[in-house]
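Per-entry structural report
Residue strings, one per chain:
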Amino acid sequence: MQKWIMSGLFFAACAFAVVLMFTLPGKEEVAEQNKPTMPVVQLDAAKAEATVKASCITCHGDQLQGGVGPSLQNEGSQHDAEGIYSIVTKGRGQMPSFKEKLAPEEIANVALWLSEKK
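Now for a description of the structure that goes with this document. (Residues numbered from 1 in each chain as written. Predicted model: local features only at pLDDT ≥ 70, side-chain atom pairs only at ≥ 80, totals over all residues. Heavy atoms only, no water.)

**As for unusual backbone geometry**
Within the chain, L64 stands out as a residue other than glycine whose phi angle is a positive 60°. Inspection of the secondary structure assignment puts L64 in the loop between α4 (57–60) and α5 (81–90). (Helix = DSSP H or I, 4+ residues; strand = E, 2+ residues; numbered from the N terminus.)

Here you go:
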């Protein structure tokens, strides 16, 4: 009798696993869901520079040459504006998230400004 119960439980577990495989989102879908949406803004270089001076020079240097954080002088050749927006919003590695410290429009303006640095 116990063999029938164990085989029934095994069959139920396998069926449950198959259902989960086809219903749970994949890595790509989860990454897309967690990606912040960059608001549409007009680039204002003066405001972007002021935001960077107020928030970024401590780690990235006054000329964006790097220091505690990496150099941002050629950031536009490594990431597009949306990628930079995502990094600044969510944080990455030792860099903290700025979504609670800056408005989304401020982050988008800085991202556009940095994306032009190639």
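**Comments concerning the layout of surface pockets**
To find leftover empty space, a probe the size of one water molecule is rolled over the atoms. Space inside the largest pocket adds up to approximately 490 Å³. Here the lining of the largest pocket is composed, by residue class, of 14 nonpolar, eight polar and two charged. (1 Å grid on protein atoms, 1.4 Å probe; cavity = no way out; pocket = protein on both sides within 12 Å on 5 of 7 lines; lining within 4 Å. Points joined across faces, edges and corners; volume = space filled by probe spheres on them. Nonpolar A, V, L, I, M, F, W, Y, C, P; charged D, E, K, R; others polar.)

**Quick word on the side chain of N109**
With respect to the helices and strands, the residue N109 is situated in helix α6 (residues 104–115). Take N109: its relative accessible area is 7%, and that puts it in the buried class. The contacts of N109, once residues within four sequence positions are left out, are V41, Q42, L43, D44, K47 and A48. (Buried < 20%, exposed > 50% of the residue type's maximum accessible area, 1.4 Å probe, protein only. Contact = heavy atoms within 4.5 Å.)

**A closer look at the packing of helix α3 (residues 45–55) against α6**
Relative to each other, α3 and α6 sit at 105°, their axes nearing to 9 Å. The angle between the axes of α3 and α6 places the two elements in the roughly perpendicular class. Residues A45, K47, A48, E49, T51 and V52 of α3 lie in contact with α6, whose contacting residues are E106, N109, V110 and W113. Split into classes, the residues belonging to the contact of α3 with α6 amount to five nonpolar, two polar and three charged. (Axes fitted to C-alpha atoms, helices over the stretch in contact; angles between N-to-C directions. Parallel < 35°, antiparallel > 145°, perpendicular 65-115°, else oblique.)

Shape is all these values report; function is a separate question.
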